[in-house]
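The primary structure of each chain is shown beneath.
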Amino acid sequence: QVQLVESGGGLVQAGGSLRLSCAASGRTFGSLKMGWFRQAPGKEREFVASIRWTGGTQYADSVKGRFTISRDNAKNTVYLQMDGLKPEDTAGYYCAAGYGLGAVKTSDFGFWGQGTQVTVSS
């Protein structure tokens, strides 16, 4: 079992930056793939970024060049650095963890955090 706790959300003006953190419990963090998803009111949860245990990353087209996912296996933590934020980035951001090959669909991940809200004002 893996438990995930997100932090770092908040209110920021357009063009600003935030860094989200996700702390994971358990002794197998190094072998997990980790991901960030987001969900705006009335919309489906969508993929933002993922990072495999090898360090390989994937990003949604909408955040490429602005967001950076990273992990610190010694701290059992994954980060999402968000720069150049836009109002359309406003959403609840969810950390996810899992095993296996896929890393972009919600069904690829078996463990989820409670989420942290990010609000970008124009």
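The structure reproduced in this document is the subject of the present report. Going along each chain's sequence as written, the residues are numbered from 1 onward. Given that the model is predicted, a residue must reach a pLDDT of at least 70 before its local features are reported, and side-chain atom pairs must reach 80 or more before they are shown or counted; all residues, however, enter totals for whole chains, interfaces and linings. Water and hydrogen atoms play no part in the side-chain values, which are based on all heavy atoms of the structure.

1. Let's talk about the pattern of salt bridges
Note on definitions: salt bridges are taken to be side-chain nitrogens of Lys or Arg within 4 Å of carboxyl oxygens of Asp or Glu. Tallied over the entire structure, the rule returns 4 salt bridges. The partner of Arg38 in a salt bridge is Asp89, and the shortest N-O contact between them spans 2.9 Å. You can see Arg38 sitting in strand β4 (residues 33-39) and its partner Asp89 sitting in the loop between β8 (77-82) and β9 (91-98), a full 51 residues away along the chain. With respect to class, Arg38 is no different from Asp89; both count as buried. In the salt-bridge network here, residues are joined through shared partners; they are Arg38, Glu46, Arg66 and Asp89. To qualify as a helix, a DSSP run of H or I must reach at least 4 residues; to qualify as a strand, a run of E must reach at least 2; elements of each kind are numbered from the N terminus. Buried means the residue's accessible area, taken with a 1.4 Å probe over protein chains only, is under 20% of the maximum for its type, while exposed means over 50%, and partly exposed covers the values in between.

2. Quick word on the state of the cysteines
When two cysteine sulfur atoms lie within 2.5 Å, the pair is treated as a disulfide. All told, the structure shown has 1 disulfide when counted by the stated rule. One disulfide in the model links Cys22 with Cys95; its S-S distance is 2.1 Å. Because the torsion about its S-S bond is -80°, the bridge between Cys22 and Cys95 counts as left-handed. Here Cys22, found in strand β3 (residues 18-24), pairs with Cys95, found in strand β9; they are 73 residues apart in sequence, far enough to count as distant. Owing to a relative accessible area of 0%, Cys95 belongs among the buried residues under this scheme.

3. Section: the nonpolar core
We define the nonpolar core as a collection of buried residues of types Ala, Val, Leu, Ile, Met, Phe, Trp, Tyr and Cys that are connected through side-chain atoms lying within 4.5 Å of one another. Judged by nonpolar contacts, the single largest core of 34 residues is most densely connected at Leu4, Met34, Trp36, Leu80, Met82 and Tyr93. Secondary-structure elements contributing two or more residues to this core are β3, β4, β5 (46-51), β7 (67-72), β8, β9 and β11 (116-121). If you tally residues by element for this core, the top one is β9, at 5 residues.

4. Here's the deal with the packing of aromatic side chains
Stacked, edge-to-face and tilted labels apply to pairs of Phe, Tyr and Trp rings (six-membered ring for Trp) whose centres lie within 6.5 Å, assigned for plane angles under 30 degrees, over 60, and everything in between, in that order. Using the criterion set out here, one finds 4 aromatic pairs in the structure. An angle of 80° between the planes, with centres 5.4 Å apart, marks the rings of Phe37 and Phe109 as edge-to-face. Placement of the pair is Phe37 in strand β4 and Phe109 in the loop between β9 and β10 (111-112), with a sequence separation of 72 residues. The exposure classification of Phe37 matches that of Phe109, with both residues buried. Among the aromatic residues, those joined into a cluster by ring pairs are Phe37, Phe47, Phe109 and Trp112. Note that Arg45 overlies the ring of Tyr94, its terminal NZ or CZ placed 3.7 Å from the centroid. Counting as a charge over the ring demands two things of the Lys NZ or Arg CZ atom: a distance within 6 Å of the ring centre and an angle within 35 degrees of the ring normal. A cation over a ring is seen here: Arg45 above Trp112, with NZ or CZ 5.0 Å from the ring centre.

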